[in-house]
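# Chains, contacts and geometry: an overview
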Amino acid sequence: MRKVTFFAVFEPSSEGTFGVYFPDLPGCISMGDDFQHAQSMAEEALGLHLWGMEKDGESIPSPSQPKFNNIPKGSVVVAITVFPDMVRNEMDNRAVKTNITLPAWLKELAEKRGVNFSQITQAALKEYLGVEKH
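Attention here is on the structure that accompanies the text. (Residues numbered from 1 in each chain as written. Predicted model: local features only at pLDDT ≥ 70, side-chain atom pairs only at ≥ 80, totals over all residues. Heavy atoms only, no water.)

## Re the environment of T101
In this structure, T101 sits in the loop between α2 (84-92) and α3 (104-112). Judged by relative accessible area, T101 falls into the exposed class, the value being 77%. Taking C-alpha positions, T101 is 46 Å from D34, a pair spaced 67 residues apart along the chain. (Helix = DSSP H or I, 4+ residues; strand = E, 2+ residues; numbered from the N terminus. Buried < 20%, exposed > 50% of the residue type's maximum accessible area, 1.4 Å probe, protein only.)

## Focus: the pairing of strand β2 (residues 18-21)
Residue alternation in β2 divides its side chains into a buried set, F18 and V20, and an unburied set, G19 and Y21. As paired elements, strand β1 (residues 4-12) and β2 share four bridges and run antiparallel to each other. Residue pairing in the sheet places V9 in a bridge with Y21 of β2. Between β1 and the antiparallel strand that follows it, β2, lie five residues; G16 among them carries a positive phi value of about 95°. Taken together, the four bridges between β2 and strand β3 (residues 29-32) define a ladder with antiparallel strand orientation. Bridge pairing links Y21 to I29 in β3. (Pairing = 2+ DSSP bridges.)

## Remarks on the pattern of salt bridges
Close approach of charged atoms lets side chains of opposite charge pair. Evaluated as defined, the whole model comprises five salt bridges. Measuring nitrogen to oxygen at the nearest pair gives 2.8 Å for the salt bridge that ties R2 to E54. Here E54 lies in helix α1 (residues 35-55) and R2 lies in the segment before β1, a separation of 52 residues in the sequence. Owing to a relative accessible area of 34%, R2 belongs among the partly exposed residues under this scheme. Here R88 makes a salt bridge to D85, at a shortest N to O gap of 3.1 Å. (Salt bridge = Lys/Arg side-chain N within 4 Å of Asp/Glu carboxyl O.)

What follows is the structure, encoded as structure tokens:
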């Protein structure tokens, strides 16, 4: 399974929270109430950022060693590792809401018969699209 590691800069605040950014990935930022929370949030931010880049067809830059002379005083540099295939699988298979329009009589009849609209809609779409599983 593919894993990717980027360096993150953890910048402490006077309130004890930490801001996090990835020098190689502009726009990939996060924060946490304490260092441990910030580290967890950094992993999530990195995974989602890379997933979004891949989904948009952007190329992922090669990770680099940060230039420590550019790191703000008091900050900590930490290597953050994620598994992009696991993130993609989780995001692709998450449940999302969608709205459908039905005639009132059909909805009422289906409800009386205990129809699970999500299950029926998924089955119908898979059959219509000719897919088994995703």
